[in-house]
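Okay, here's what each chain looks like letter by letter:
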Amino acid sequence: MVNNYDIMEQVLLHPEEIENYLNHSDWRVRYAAIISMGETKDKKWLPYLAEILRFEDTRNLYSQPAVQGFENSYDDTRMAEQLVPIKEIFDRDYPEELREDWRCRGRVKQACLFAIRDIGISVEEILTILHTYLQRPGEDYAVCAASAMTLGIIGHKGSIPYLEKALEIDEWCVQTEARKAIRRLNAD
Amino acid sequence: MIEKSPFLIEDIDVLRKQIMNGELTGKKEELWNLIRTSSRNAPMDFGWFVPFVALITKEKEDVENARKIIFTYIDKLDPMSFCSGMQYHFWCFAFPHAKMCIYFQWLCTITAFSEDEEKYIKEHLINYHFVNFFYGMRTKPDPECIDNQTLSLCLSTTIVGYIFSQGRNPSKMAEIMLREGKKRLPGVIGDMPLSGYSGEGSSYMDCVNGPAIPLAVEVLERISGEKDLLFKEFAPSGAKPVSVLKMVAREFMPGGLLLPWDNYGYQFGVRSTLAYGALKTGEKIFYNILEKECIWTYDIGIGWAYDDLVWTLCWWPKNQPINEEDGSNWFEPAAGGTLVSRDTNHYLIQMWDESTPNIPTRAHVNPNAVLLNGYKVPVSADGSPMPNKAHSFQFEDTWRSVGFISINTETRYNYGDGCCGAHSGIIIDDCEGMRAHKEYVQVEDTGYQVGEEHYVYADVTPIYQENFTDIHKVFRKSSFHCQRFYLIEDYVKGENEHKITSRFLFRPNVEVKDEIVKVRTPEGVVLQLMELLGNSSITTRRIMNHPFKPDGCSELVDYSINGNEVRRLFLVFMSNTLKEDTQIVDFKVIGDQEGILDYQEAVKKLDASSMTVPMNLPAYMETSLPNYKTWWYQKKIEKKPGKCFIKLPVGMWEPRLFVNDMEIDLASFAVSGELIAPRVELPEQYNEETQLNVVIKVEVPVGHYDGGGDGTVGMTGGVWLCYPMEQEVIENVSYRNGQIEVRTNQNKYTGFYHLLQHKADGKGDEDGK
């Protein structure tokens, strides 16, 4: 398993080094760098965050086929309890870069959205991205929920139709965040 | 990382000394022996016991086994990332991850790893939690999401953050996780319902919420330096952690099975939460259940980790309880109340816990449902259906398809079993799929009294009113009389005429004779049910595939009549027909390694065997024998002339019973025997025999995981000879002027019960209560 622990620690301990790691090949490092951005609450990161979100959209985050099985285990929550050697079995070999996308899914995007929320400043370009997430079929529910929550902080009345659309997504976290955001924006 | 002493163990030196110097006695000694022998006989099958055994003994072989477990876990992390469970149900993986961090820390205190190994493991544990479970915690709406999932995520993030942000080389990732985890954890506890019941059923109360509380309290005390957080009212709603522990204890019914309310149904309970409750509160309810109702051979994940028995041993108190009241009679205004006899042979719960609007998958619609248990055997049926089998409670409008359960897969399921019709309550106009469709308070009024008068009632009109706008009143009151029988009063009033049904779901089998419904469970407990007021028509129906446990089916009994005002009064009278006589112990035993012996071969080997065991647990837990799956036991016993029953251990897999070389059919216990000890009637030809040669073949789980995630149940409870006893049968009942008289073939019982008086608008007046 990729282990860039020291770099992740470094970027969190020294925000001044964030820029050095924004294009790191390991998404975990990028994830740590983005969380570090959110910690600074500095608006200078907003263009970077928009760029990262655009890049994440080019990855194959959600294309993982269901595994054919796991040696010694299961493709469900029962795996959580097992202290046994396991191995995933796919229908064929997949390149490591693609497998990294699958491990990541919406994690980096969610980190970006929360960093934007923590910075708390509205930028139209970013709002457009967030609105898109709420309409995109197949987007991770963690990303949709974070989008809705962030829109509640930085969105405007124009975000409400997108949030109302999100209420139709049959997932409790997304619906809850969308409902909250609508309430907040209507109150403004 | 915390370095000095094993995290969350109060005093390791004292515990180690007690265990290693043989100072443990009784059940505690039995428990340590079970943990140690399982861990040593089969470390990879009992991995969750292994780090604790190593910590206690510090012996080279135990430490090596523990190292292997930790490295196995680290190697598992990457393949785990491709698992649907991990991606969509990350809370199930977060909690065991935190447990592995605790065990890693324990092992570091006995220098189980080199410096390089320690660094390697630590980095992987922190990194994985940061990108997977810290992420997971942030997906859950704050503060709205209060359930086992968020509790698991907030607790595990706090624990991992705390362990690795302390001491030498503290981690920044851990520091952030600790900060964010501890920000949310108290609020998740504080916003639990004041009753302590999360509404998620016994399974999640027992396996996640309950076990999370001791860890949460302990870690928050260490972080904050505060004491007695267990009893503190947490903001925002003032819930106390101790209420969750109490509710875990209250969910135990006499006989050791948990309330089958809400999803998952009857099951055994976990133990460490009770041990912690006993240790910290001194209340008898925890001691009683721990010592009398719990079994050791139920192995299930607490926080998705099979370490319940480890924590039970750590927390089991030395002191005796501080109070006399056993706590079996309880009432929670938001959940329900029980009416239990002093000998616990008679048990009724009436419940009204809030159901989930629209999709009641977990918190079922069970307004005023009653569950009955007689002589420590469940008589009512409730729970969830057999997986992937059609059943009567799948309604057209309760199908749901979702795409967030499994990667690239849409899952379709029916939540009709969560609706009103699948419970022992009141049904209006055959609307079995009744449920709430929005948030509101579903209960109007509740009450309870224990003492000379012993009753519980609830007015559950609101949820009916949402579905039938002209309904003014839906009320049920259950009362207990003479320590012997129950009365259940139902009252419904509306503007218009409706079909009003009082429904009961029972375990098989049911017969109706002379207007009396008789339920006779496979274990010989008989319930007689009579309608004293009203002249409803009675219909019965076998429901296949619901509930799954204990019988795979149930008997539905409906009392129905049309009207705009309907009142019924039921008498419930339970009797036993069997008496336990003597426990048979000292069985000869042989292990059948390949599971291939036939009866003749097994008997020959048993004759030659000198190994005897009490047969209270699987043999490998009672001795140092290997953890084989198949075992044969033999014993010659004396019996009294006449009809005789053999009570077998509960939780036997593929059991076979031979008496005097003849096999006895156990098919009728094939399903229920997992949860309820079979009472097997010997054929008539044995009536005059006074000596029996009993041979039993049984399979047992060989590790934590044999139950496929639903928990394993190994045989327990021993073998007993039982004889028939005369059943107490109702001969005559009269109810006049508030006096109820029940004559049976053995006794006469006189009690008093005043019907609730209702005003014209359907509202009850105070005298009636």
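Residues numbered from 1 in each chain as written. Chains lettered and ligands numbered in written order. Predicted model: local features only at pLDDT ≥ 70, side-chain atom pairs only at ≥ 80, totals over all residues.

**Q** Looking at this model, I keep getting lost on the pairing of strand β10 (residues 445-449) of chain B. Mind explaining?
**A** The side chains of a regular strand alternate between both faces of the sheet. Inspection of the sheet shows β10(B) paired to strand β11 (residues 454-459) of chain B by five bridges, in the antiparallel sense. Note that in β11(B) the partner of Gly447(B) across the bridge is Tyr457(B). (Pairing = 2+ DSSP bridges. Helix = DSSP H or I, 4+ residues; strand = E, 2+ residues; numbered from the N terminus.)

**Q** Is there a simple way to explain the packing of helix α7 (residues 115-139) of chain B against helix α8 (residues 148-165) of chain B in this structure?
**A** All names here are of chain B. The interhelical angle for the contact between α7 and α8, taken along N-to-C directions, is 150°, at an axis separation of 10 Å. Judged on the interaxial angle alone, α8 and α7 are roughly antiparallel. Handedness of the α7/α8 crossing: left-handed. The residues of α8 that touch α7, namely those facing Lys-122, Ile-126, His-129, Phe-133, Phe-134, Gly-136 and Met-137, are Leu-153, Cys-154, Ser-156, Thr-157, Val-160 and Phe-164. Of the residues contributing to the contact of α7 with α8, the split by class is eight nonpolar, four polar and one charged. (Axes fitted to C-alpha atoms, helices over the stretch in contact; angles between N-to-C directions. Parallel < 35°, antiparallel > 145°, perpendicular 65-115°, else oblique. Left-handed = near helix turned anticlockwise from the far one by under 90°. Contact = placed C-beta atoms within 7 Å. Nonpolar A, V, L, I, M, F, W, Y, C, P; charged D, E, K, R; others polar.)

**Q** How should I be thinking about the nonpolar core in this particular structure?
**A** Looking at soluble globular proteins, one finds that nonpolar side chains tend to be buried together. Counting 271 residues, the largest nonpolar core has Ala148(A), Leu107(B) and Val572(B) as its most contacted members. With 14 residues, helix α6 (residues 91-109) of chain B is the largest single contributor of residues to this core. Those residues within four positions of Val572(B) in sequence are excluded, and the remaining contacts are Leu372(B), Phe485(B), Tyr486(B), Ile488(B), Leu527(B) and Leu529(B). Counting residues in each nonpolar core, the second largest holds six residues, with Val365(B), Phe393(B), Cys419(B) and Cys420(B) among its members. (Core = buried A, V, L, I, M, F, W, Y, C linked by C-beta atoms within 7 Å. Buried ≥ 20, exposed ≤ 12 C-beta atoms within 10 Å, placed from the backbone.)

**Q** I tried to follow the sheet that holds strand β24 (residues 653-659) of chain B on my own but got confused; where do I start?
**A** Sheet strands pair by backbone hydrogen bonding; their relative direction is either parallel or antiparallel. Residues and elements named next belong to chain B. Read across the open sheet, the six strands follow the order β21-β20-β22-β27-β24-β25; overall the sheet is antiparallel. With one partner strand each, in any of the chains shown, β21 (612-613) and β25 (662-664) form the two edges of the open sheet. In terms of strand pairing, strand β20 (residues 587-592) meets β21 through two bridges, oriented antiparallel. Looking at β21, one finds that Lys-588 is bridged to Thr-612. On the sheet, helix α16 (residues 599-608) packs against β20, β22 (630-638), β24 and β27 (691-699) and is oriented at approximately 125° with respect to β20.

**Q** Even after reading the chapter, I still don't get the domain arrangement of chain B, so can you show me in this structure?
**A** How big an interface is tends to be expressed through the accessible area that disappears when the partners come together. Residues and elements named next belong to chain B. Considered domain by domain, chain B is made up of domain 1 (12-315), domain 2 (331-577) and domain 3 (579-724). When each unit is reduced to the centre of its C-alpha atoms, the spacing between domain 2 and domain 3 is 36 Å. Of the residues lining the interface, nine residues belong to domain 2; the matching set on domain 3 comes to nine residues. Residues that form the side of domain 2 that touches domain 3 fall into these classes: three nonpolar, three polar and three charged. (Domains from an automatic or database assignment.)

**Q** Quick question: what am I supposed to make of unusual backbone geometry here?
**A** Excluding glycine, most residues fall at negative phi; most peptide bonds, likewise, are trans. Residue and element names in this part refer to chain B. The peptide bond linking Asp-142 to Pro-143 adopts the cis configuration, its omega dihedral lying at 10°. As for its placement among the helices and strands, Pro-143 is situated in the loop between α7 and α8. With a phi angle near 75°, Leu-8 is a residue other than glycine that sits in the positive phi range. Within the secondary structure, Leu-8 is located in the segment before α1 (12-20). Even without a glycine there, the phi angle at Glu-654 is positive, about 45°. With respect to the secondary-structure elements, Glu-654 resides in strand β24.

**Q** Quick question: what am I supposed to make of the packing of helix α2 (residues 26-41) of chain B against helix α14 (residues 308-315) of chain B here?
**A** How two helices sit against one another is set out by the angle between their axes and by the gap between those axes. Residues and elements named next belong to chain B. Axis separation between α2 and α14 bottoms out at 10 Å; the angle between their running directions is 140°. Between α2 and α14 the crossing geometry is left-handed. For the pair formed by α2 and α14, the contact residues are Lys-28, Leu-31, Trp-32 and Ile-35 on the first element and Leu-309, Val-310, Thr-312 and Leu-313 on the second. Of the residues in the contact of α2 with α14, the class split is six nonpolar, one polar and one charged.

**Q** Quick question: what am I supposed to make of the interface of chain A and chain B here?
**A** Taken together, the contact between chain A and chain B spans 43 residues of the former and 50 residues of the latter. No other element matches helix α1 (residues 5-13) of chain A, which puts five residues into the side of chain A that touches chain B. Its residues assigned to classes, the side of chain A that touches chain B shows 23 nonpolar, six polar and 14 charged.

**Q** Can you help me understand the sheet that holds strand β19 (residues 578-584) of chain B in this one?
**A** All names here are of chain B. One open sheet holds the four strands; their spatial order is β19-β29-β23-β26, and the pairing between them is antiparallel. The sheet is open, and its two edges are formed by β19 and β26 (679-681), each paired on a single side. Each adjacent strand pair in this sheet contributes to an overall mean axis angle of 30°, direction not counted. Pairing of β19 with strand β29 (residues 719-724), which is carried by six bridges, proceeds in the antiparallel orientation. Looking across to β29, one finds that Lys-579 is bridged to Tyr-723.

**Q** Explain the environment of Ser63(A) here, please?
**A** For Ser63(A), the location among the structural elements is in the loop between α4 (46-56) and β1 (69-71). Residues Ser63(A) and Leu98(A), spaced 35 residues apart in sequence, show a C-alpha to C-alpha distance of 8.7 Å.

**Q** For this particular structure, what's the right way to read helix α8 (residues 141-154) of chain A?
**A** Helical geometry: 3.6 residues make up each α-helical turn, so side chains three or four residues apart lie on a common side. With 14 residues, α8(A) should cover 20 Å at 1.5 Å per step; its first-to-last C-alpha distance of 20 Å lies within 8% of that length. Across the 14 residues of α8(A), eleven count as buried, placing the element largely inside the fold. Taken residue by residue, α8(A) has Ala142(A), Val143(A), Cys144(A), Ala145(A), Ala146(A), Ser147(A), Ala148(A), Met149(A), Thr150(A), Leu151(A) and Gly152(A) as its buried positions. Buried residues along α8(A) sit in contact with α6 (107-119), α7 (124-135), α9 (160-166) and α10 (172-187) of chain A together with α7 of chain B. (Expected span 1.5 Å × (residues − 1).)

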